[in-house]
Amino acid sequence: MRFERFAIPTLAAAALSLLLPLQEARAQFPTEFHHLILVDTSGSMSTVRTDGSGKTRFQAAIELAKTAVTNNSPNHFFAVWRFQDSTSSQVQGFAPAAATLITLNGMAGPTGGTPLAHAACAALDTLDAYKKGSVNAGKLLHLYSDGEDNNTLVTDQCAGPLSTSQDASTPTENSWNWKLLNKARTGNPNNPNPVTTFPVAIYATLMDPFITLTGTPSDSRDVVIEGDLPTPRTVASVSNFQTFLQKLSTATGGTFTGIADSKPAPVLGDTNQDYCVDGTDYNLVLSNYGYRVPPAPPAADLNNDKVVDYNDYTIVVNNQGKGSGCRSPLQPLE
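Tracing the backbone shows D309 in the loop between α7 (279-287) and α8 (310-318). Judged by its relative accessible area of 9%, D309 is buried. Considering only alpha carbons, one finds D309 and N288, 21 residues apart in sequence, at a separation of 8.6 Å. Among the polar contacts made by the side chain of D309, one reaches the main-chain amide nitrogen of N311 at a distance of 3.1 Å.

In C-alpha cells form, the structure reads like this:
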C-alpha cells in the first residue's frame, strides 16, 4: 500500500499533552540519565560491511552511538568505553552530549581480541556506582559488538567457558554467558535469582548477527527495498549468541538490534526493525504516550529515557517515510 504522511488531530494532540503529567503524578521519574556507551574495538570490527556504504562495522557502530547521544535532553550524561585484546578502557568519563560526540568522532579503530564478558560486567559496575544514592538516575548500557567473548582473563568476575546449552536463553551454569546474564539481572555474576535493585537497562546492538540464509519465503509481501526495486527477503536462522543478547536485553528492560553486514543500519524511529518508519511505528509510540518503560515497551522509547513522551513522538513524526524498506512514491500499488 502507498505510504501517506499523517498529522495528529487537534483533539488528540490536546489529550496527549495531558497524559504525561498524569503519569508523572503516579511515579517519580529519574532526574538524570547515565549512559555508558561500550564499543567493541576488536579486530573483526574492521570488517567492511557489504551494504554498499563502504563503512566498517566499527564506523557503523560509532554512527549508531552518535544517534543515541544526539536525541536526548541536557539531564543525560554519557561515558564512552572501548574493549579489545583482554581488557576494556575508559575513553571518556560521564559528560554532556556535546563532549561525547567529539569523543566518538575521535575514537581509534579496532585491534585485538574480544573480552566482551569482562567489558560488559565492568561497565555494569561503573554505571551502578556513578552517583549512586545521590540522585534518582536511570542507568543505560549501550553495547555495540560483532562477536562472542574470546579473550576475558580467567581471573575476571565474569570469566567462564562458552555456554553449551542448546537453549541460548538459559545459558549453561558457570559459563560466561550465564555470569553476564546474572550480572545484568542481579548485579552478581554468580546469583541467578532476579532482584529489583539493580537498575541498568541494556541496549545491545550486534553488528553481524550470524545470520544463515536458507532460502526465500512464499509470501510475496515479505520484501525489503533496495533503491526502488523489491527484493525477496531470505529466511534466516538465528544464532545462539544473537538469542543470548536478546535475552540479556529483555531481562533488563532494554532492546536488542541485529544488523547483518548486507543490510542497512537502522533508521531512527523504526520500532519494529523493518527498515521503514511508518504508521506501525507511529501507532506504537502513540498508544504508549505518557507511560514509563515499563509498562510501555522499550521499542516505543526512541531516545531511551525510560518514558514515551513528546521527544519520541517528534522523532517518529519527523522520520516518517525514511528507510530503505519504505516503498518508493513512484512504485505502483500492489
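Further remarks concern the sheet that holds strand β10 (residues 255-258). Sheet architecture is open: six strands sit in the order β3-β2-β1-β4-β5-β10, paired in mixed fashion. Since the sheet does not close on itself, it has two edges, and those belong to β3 (87-95) and β10, each with one partner. Taking the axes of each pair of neighbouring strands and ignoring which way they run, one obtains an average angle of 15° across the sheet. Pairing between strand β4 (residues 137-145) and strand β5 (residues 200-206): seven bridges, direction parallel. The residue bridging L140 from the neighbouring strand is A201, located in β5.

Right, let's get into α8. For an α-helix, 3.6 residues make a turn, and residues three or four places apart therefore share a direction. Within the sequence span of α8, burial applies to D312, Y313, I315, V316 and V317. Tucked into the core, α8 has its buried residues touching α7. The opening residue of α8, the one whose side-chain oxygen lies 3.1 Å from the backbone nitrogen of N311, is D309.

Basis of the calculations
- Residues numbered from 1 in each chain as written.
- Predicted model: local features only at pLDDT ≥ 70, side-chain atom pairs only at ≥ 80, totals over all residues.
- Heavy atoms only, no water.
- Helix = DSSP H or I, 4+ residues; strand = E, 2+ residues; numbered from the N terminus.
- Buried < 20%, exposed > 50% of the residue type's maximum accessible area, 1.4 Å probe, protein only.
- Polar contact = N/O pair within 3.5 Å; in protein donor to acceptor, adjacent residues only side chain to side chain.
- Pairing = 2+ DSSP bridges.
- Axes fitted to C-alpha atoms, helices over the stretch in contact; angles between N-to-C directions.
- Contact = heavy atoms within 4.5 Å.

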